[in-house]
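Take a look at the letters that make up each chain.
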Amino acid sequence: MATIVSVHPFEEAQVKAIEAAAKGFTYIDVSGFEQTDAREQLAKAEIILGFNRDVLKIVHQGETPLKWVQNLGAGVDHIPLDRFKERGITLTNASGVHANGISESIFAVLLSLTRQVHVYVRNQQQALWKHKHGMGEAHHKTIAILGVGAIGLETAKIAKALSMNVLGVRKSGEPAEWVDRMYTMNELHEVLAQSDYVVNCLPLTSDTKQLIGQAEFTAMKPNACYINIGRGATTDTDALLKALQNGEIAGAGLDVFEQEPLPEDHPLWKMEQVIVTPHAAGDTDVYFERALEIILDNLAHYSEHGSVVRNIVDLQAQY
């Protein structure tokens with residue numbers, strides 16, 4: 001009998017739902033196995049749920065029955081996509097699961113930078129009663145969303161509740177609900193020049209690596225805030241630091257970095273106009289409930305038709 005092997009420990013009720021959706025398959029959870037035993041089971045799997053170093057080794061092996069891997073995260077820049085293409089393995093991800101949590105994190109940071117909440121929190125720790133005058137407002141300002149997928153769309157929706165002017169940038173340039181005007185990647189600088197807030201939701205691909213560098217920060221308004229919740233390597237960290245130090249932009253909210261963890265001695269930690277979070281924007285207590293919906297839909301379709309229908313990664317586009 002064909003097997004589904006999971007490297008993530010799903011709860012009992014979730015396992016039952018997986019088994020009910022995947023008729024004709026045996027489900028094995030190797031999350032608690034010794035490495036040798038886990039790899040032995042993974043080598044027999046037709047379907048793997050999750051991705052780690054053991055799965056990476058199996059993908060690079062020779063002949064195995066592996067046909068589909070469900071990544072439990074959205075990003076796939078850590079996965080050898082060329083190898084998947086060579087072997088004809090389908091890869092799916094959890095894109096869409098993060099939309100609510102990350103969009104809320106974006107606005108938590110955006111509003112904090114605008115209303116200086118982070119400064120007041122620091123003052124509170126010192127029992128310092130100090131009014132910071134001249135705070136801004138997000139209402140009616142212009143926000144640019146780079147990479148308008150599920151997260152970007154939810155961010156745009158929230159922005160409209162604040163009567164913001166929403167500009168979007170996506171590869172296709174295709175219009176989207178809640179976005180007042182959509183641009184292509186070739187028009188990036190035009191967008192940056194108009195925006196009070198720039199929110200980076202881009203995946204990491206060969207086209208987006210260090211896409212945001214010195215020229216892009218120079219194109220931004222001096223009062224602009226840059227927020228990155230996509231991938232750290234889409235931004236040139238040295239150029240960002242220089243832009244902040246030189247006042248080329250007003251502030252930054254950063255959840256992702258080129259080097260993670262961010263080194264303890266990095267200047268970004270101590271900059272008053274910067275909010276740092278430890279790649280935590282996507283964390284939510286309902287994460288795996290939402291991811292399971294994708295998995296169950298795909299398992300049901302796969303068990304009946306031998307193919308999946310949701311969240312298929314375009315191996316050429318790299319997302």
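Each value, and the rule that gives it
Residues numbered from 1 in each chain as written. Predicted model: local features only at pLDDT ≥ 70, side-chain atom pairs only at ≥ 80, totals over all residues. Heavy atoms only, no water. UniProt positions renumbered as here; feature names shortened; annotations may be inferred. Salt bridge = Lys/Arg side-chain N within 4 Å of Asp/Glu carboxyl O. Helix = DSSP H or I, 4+ residues; strand = E, 2+ residues; numbered from the N terminus. Axes fitted to C-alpha atoms, helices over the stretch in contact; angles between N-to-C directions. Parallel < 35°, antiparallel > 145°, perpendicular 65-115°, else oblique. Left-handed = near helix turned anticlockwise from the far one by under 90°. Contact = heavy atoms within 4.5 Å. Nonpolar A, V, L, I, M, F, W, Y, C, P; charged D, E, K, R; others polar.

With an unreviewed UniProt entry as reference, the protein is termed D-2-hydroxyacid dehydrogenase, source organism Paenibacillus albus. According to its UniProt record, the protein has this under Sequence similarities (unreviewed entry): "Belongs to the D-isomer specific 2-hydroxyacid dehydrogenase family."

Caption draft 1: Main features of the pattern of salt bridges. A complete count under the given rule lists nine salt bridges for this structure. The closest approach of N and O atoms between D77 and R231, which form a salt bridge, is 2.8 Å. A residue pair is termed long-range when its members are at least 10 positions apart, and D77 in the loop between β4 (68-70) and α4 (81-87) and R231 in the loop between β10 (225-228) and α10 (237-245) qualify at 154 residues. Ionic pairing is found between E86 and R83, a salt bridge with its closest N-O pair at 3.2 Å. One end of the pair, E86, and the other, R83, are both in helix α4, three residues apart, so they sit about a helical turn from each other.

Caption draft 2: Spatial organisation of the UniProt feature "domain: D-isomer specific 2-hydroxyacid dehydrogenase NAD-binding" (unreviewed entry) in the protein. Under the UniProt annotation, "domain: D-isomer specific 2-hydroxyacid dehydrogenase NAD-binding" (unreviewed entry) lies at residues 107-281. Between the end C-alpha atoms of residues 107-281 the distance is 11 Å, and the span holds 30% helix and 16% strand.

Caption draft 3: Structural detail: the environment of G50. Structurally, G50 is set in the loop between β3 (47-49) and α3 (53-60). Separated by 137 residues in sequence, G50 and E187 have C-alpha atoms that sit 37 Å apart.

Caption draft 4: Highlighting the packing of helix α5 (residues 99-115) against helix α7 (residues 150-161). Running from N to C, α5 and α7 cross one another at 50°; their axes reach a closest spacing of 8 Å. Here α7 runs oblique to α5, going by the angle between their axes. When you trace α5 past α7, the crossing you get is right-handed. Contact with α5, carried on its side by A99, N100, I102, S103, I106 and F107, involves A150, I151, E154, T155, I158 and A159 of α7 and no other residues of that element. For the contact of α5 with α7, a count of residues per class yields eight nonpolar, three polar and one charged.

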